[in-house]
Amino acid sequence: MRMSLAPRRAVAALAAVLLAGGMAACGNSDTGTDEGGSGDGKIVMGFSQVGAESGWRTANTNSIKEAAAEAGIELKFDDAQQKQENQIKAIRNYIQQKVDVIAFSPVVESGWDTVLKEAKDAGIPVILTDRAVDSADKSLYKTFLGSDFVKEGRLSGEWLVEQMKSATGDVNIVELQGTTGSAPANDRKKGFGEAIAADPKLKVIASQSGDFTRAGGKQVMEQFLKAHPKIDVLFAHNDDMGLGALEAITAAGKEPGKDIIIITIDAVKDGMQALADGKFNFIAECSPLLGPQLMELAKKVHAGEEVPPRIETEETTFTQEQAKEALPNRKY
Ligand code: AHR
């Protein structure tokens, strides 16, 4: 039987539509977008943020929100208020909602295997940003994007070793650690400790968590000052704790940056101001501007492309003079 030209074209067109539909369904089922997703073809990302504990975190949240909007990615955002159970709840919600990609900055390093396995079983790729997890099974997440925290601690320690080269007698150091069990607290402590081991007169006489907050830094520094009459150096795991400690040091009648040398990490605007003003002495940078790279990675993993297992941000360090120069252009 002969078919006229018009119906033949219609059949071909229908076949093409069915084929394309079938291919799209195959692609989506790999990435979990067949039932979930935005419904308008946009990639949907569920992001669980640590909290709003510091200036760094605020800059990081802004970077992620702005980059998602720019990349045309629909962002579902949750603030975990520094609690792991809130992050686990948020991730489970994202799995239920069948988002296309889950990204999160884990408040602590341990205890993620179960929920990460749930995401993997649901076919939803996970990207770690800023902080790492200690899971032995690296297949539970696609990649890590963030800083080398050990290096930040090491650079801080190396600067101190150089400064104290000709000092005589013990140099008493107090350390304000970040959130207990978090990757930056563990790694910065390690890097700093390894670096100062080069000079036996550098001694950490007290080390306690200030939870990465200004209030925590102030409160713990007050205790340090009461318990230790001779403190030469403060190493704070972030600017905010250092800024809180400044208040305690001034209230104790000491001059920050002179009576007590202050080293911090991050280089957010307020920290850089304190450094330029001579109240801090050295900052190792930790960049919060992870948003654009995160969105690029999300597009790649959603498309099933291979991505490197670890991507580190480029960072520098600042002395007082360098802070004065950099401050006018500091965006966060
Ligand atoms: O994980 C990055 C750290 O977390 C930043 O140094 C700190 O300011 C933040 O709270």
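Now for a quick tour of the structure. (Residues numbered from 1 in each chain as written. Predicted model: local features only at pLDDT ≥ 70, side-chain atom pairs only at ≥ 80, totals over all residues. Heavy atoms only, no water.)

### Digging into the pattern of salt bridges
Part 1 of the argument: Here the structure, examined in full by the defined rule, presents 21 salt bridges.
Part 2 of the argument: Here Asp-170 ties to Lys-203 by a salt bridge, and the two come within 3.7 Å at their closest N and O atoms. With Asp-170 in the loop between helix H5 (149–163) and strand E6 (171–177) and Lys-203 in strand E7 (residues 202–209), this residue pair connects regions lying 33 residues apart in the sequence.
Part 3 of the argument: Judged by its relative accessible area of 42%, Asp-170 falls in the partly exposed class.
Part 4 of the argument: Bridged by salt links that share partners, the residues Glu-53, Arg-57, Asp-130 and Arg-131 form one connected network. (Salt bridge = Lys/Arg side-chain N within 4 Å of Asp/Glu carboxyl O. Helix = DSSP H or I, 4+ residues; strand = E, 2+ residues; numbered from the N terminus. Buried < 20%, exposed > 50% of the residue type's maximum accessible area, 1.4 Å probe, protein only.)

### Some thoughts on the packing of aromatic side chains
Part 1 of the argument: Evaluation of the coordinates by the stated rule reveals 4 aromatic pairs.
Part 2 of the argument: Seen in terms of ring centroids, Trp-159 and Phe-282 are 4.9 Å apart; in terms of plane orientation they differ by 15 degrees. Their pairing is stacked. Taken together, the residues Trp-159 in helix H5 and Phe-282 in strand E10 (residues 282–285) connect sequence positions 123 residues apart.
Part 3 of the argument: Residue Trp-159 is classed as buried on the basis of its relative accessible area of 15%.
Part 4 of the argument: The buried category is assigned to Phe-282, whose relative accessible area is 3%.
Part 5 of the argument: Aromatic side chains Phe-192 and Phe-235 sit 4.0 Å apart centroid to centroid with 15 degrees between the ring planes, which places their arrangement in the stacked category. Taken together, the residues Phe-192 in helix H6 (residues 183–196) and Phe-235 in strand E8 (residues 233–236) connect sequence positions 43 residues apart. Phe-235 matches Phe-192 in its accessibility class, with the two residues each being buried. (Phe/Tyr/Trp six-rings, centres within 6.5 Å; stacked < 30°, edge-to-face > 60°.)

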